[in-house]
Amino acid sequence: MESLNSTYWMAAGMVLLAGGIAAFFFIRALSRFKAPAAPPDIPSEKMEKTEFVIDAFGHVVQQLKEKEQELQQLRTQAERRATDAERHNKILLEQMEMKKRLSLLGEMSAGIAHEFRNSLGTILGYARLASKRLPDEDPGLHYLSSIVDEIGALNTILQDLLSYGKPLTLHPSPIDVSEFLRKTVPNALQGRGGSMTLRYDLPSRRVLLTADEILMRQVLANLIHNAVDAMPDGGEITCSLRSYDTSGEWVEIRVSDTGGGIAEEHLEKIFLPF
């Protein structure tokens, strides 16, 4: 019995000794592990460089966006210019075609113009002969004078038609514009038909203009004829005159009517000859 007790106590002591030894080595092993070191502080210089790089990158991105917008604008402008160039080429082709037609018209009308001039020469001769046989107080002299003036204007137009394409020769002379309007406008209305009311808006003082009277009559007659054509049911034509100085260099003659105006498809052709 005593031998059993001594063996029990000896075994218990050995177990305690082994547990103590194991605990010693376990604690020693834990002591070797250290807490993780705190991250080192970034110096302020490195922080400033980092912020500079970030700002520079953002600036580059912003510039790229602006350049992209500029490229888009340039692309839009290029497309618009290409469209304008195409429209311009189309206009040039139309003008070339028109010049060809006018050239053919000029060749064809040259012979007709010569025949017209011969007939006008005969009418002019009889008109002058009749005016010489009438007494000075005869009212018919006024009509014969108008016939002579109109034949002279037609003869000039035919001459311009024959010399179309050559430099235009002007024959300027002083013109009393108010008297010119009062004389030319009624003549242009003769034989046009329709119920027209003619109104003048002229200054009280005399206005002199240095110009080619025949060409001025031609332009004014065309405006009057267009005004009449724009009012098939009648209307009012107003001729106004404005002078901006006393030298006769700047004078505005305006012909207006109460018609419907020029059709939009004809606006590009208003300055074509004939």
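Quick note: structure is the one above.
Computed from a prediction, not measured in an experiment: that's the story for all the values here. (Residues numbered from 1 in each chain as written. Predicted model: local features only at pLDDT ≥ 70, side-chain atom pairs only at ≥ 80, totals over all residues. Heavy atoms only, no water.)

**So, the nonpolar core**
- Formed by 20 residues in total, the largest nonpolar core has its most connected members in V177, L181, V185, L189, I224, I237 and L241.
- Contributions of two or more residues to this core are made by α4 (177–189), β3 (208–212), α5 (213–229) and β4 (235–243).
- It is α4 that provides the largest number of residues to this core, a total of six residues.
- Those residues in contact with L241 that sit more than four places away from it in its chain are V177, S178, L181, D201, L202, P203, V207, V251, E252 and I253.
- Residues L120, I151, L158 and L161 belong to the second largest nonpolar core, which totals six residues. (Core = buried A, V, L, I, M, F, W, Y, C linked by side-chain atoms within 4.5 Å. Buried < 20%, exposed > 50% of the residue type's maximum accessible area, 1.4 Å probe, protein only. Helix = DSSP H or I, 4+ residues; strand = E, 2+ residues; numbered from the N terminus. Contact = heavy atoms within 4.5 Å.)

**Thoughts on the sheet that holds strand β5 (residues 251–257)**
- Pairing is mixed in the open sheet, where three strands are placed in the order β2-β4-β5. Unpaired on one side and paired on the other, β2 (196–201) and β5 mark the two borders of the sheet. Ignoring strand direction, the axes of neighbouring strands in this sheet form an average angle of 15 degrees.
- In terms of strand pairing, β4 meets β5 through seven bridges, oriented antiparallel. Across the sheet, residue S243 finds its bridge partner in β5, namely V251.
- Across the sheet, α4 touches β2, β4 and β5, and the angle it forms with β2 is around 170 degrees.
- Sitting on the sheet, α5 touches β2, β4 and β5, and the angle it makes with β5 is about 20 degrees. (Pairing = 2+ DSSP bridges. Axes fitted to C-alpha atoms, helices over the stretch in contact; angles between N-to-C directions.)

**Considerations on the environment of L215**
- Within the element layout of this structure, L215 appears in helix α5.
- L215 sits 45 residues away from L170 along the chain, and the two C-alpha atoms are 8.6 Å apart.

**What about the packing of aromatic side chains?**
- Under the definition given, this model contains zero aromatic pairs.
- The aromatic ring of Y200 is capped on one face by R182, whose charged end is 4.8 Å from the ring centroid. (Phe/Tyr/Trp six-rings, centres within 6.5 Å; stacked < 30°, edge-to-face > 60°. Lys NZ or Arg CZ within 6 Å of the ring centre and 35° of its normal.)

These figures come from the coordinates and say nothing about function on their own.
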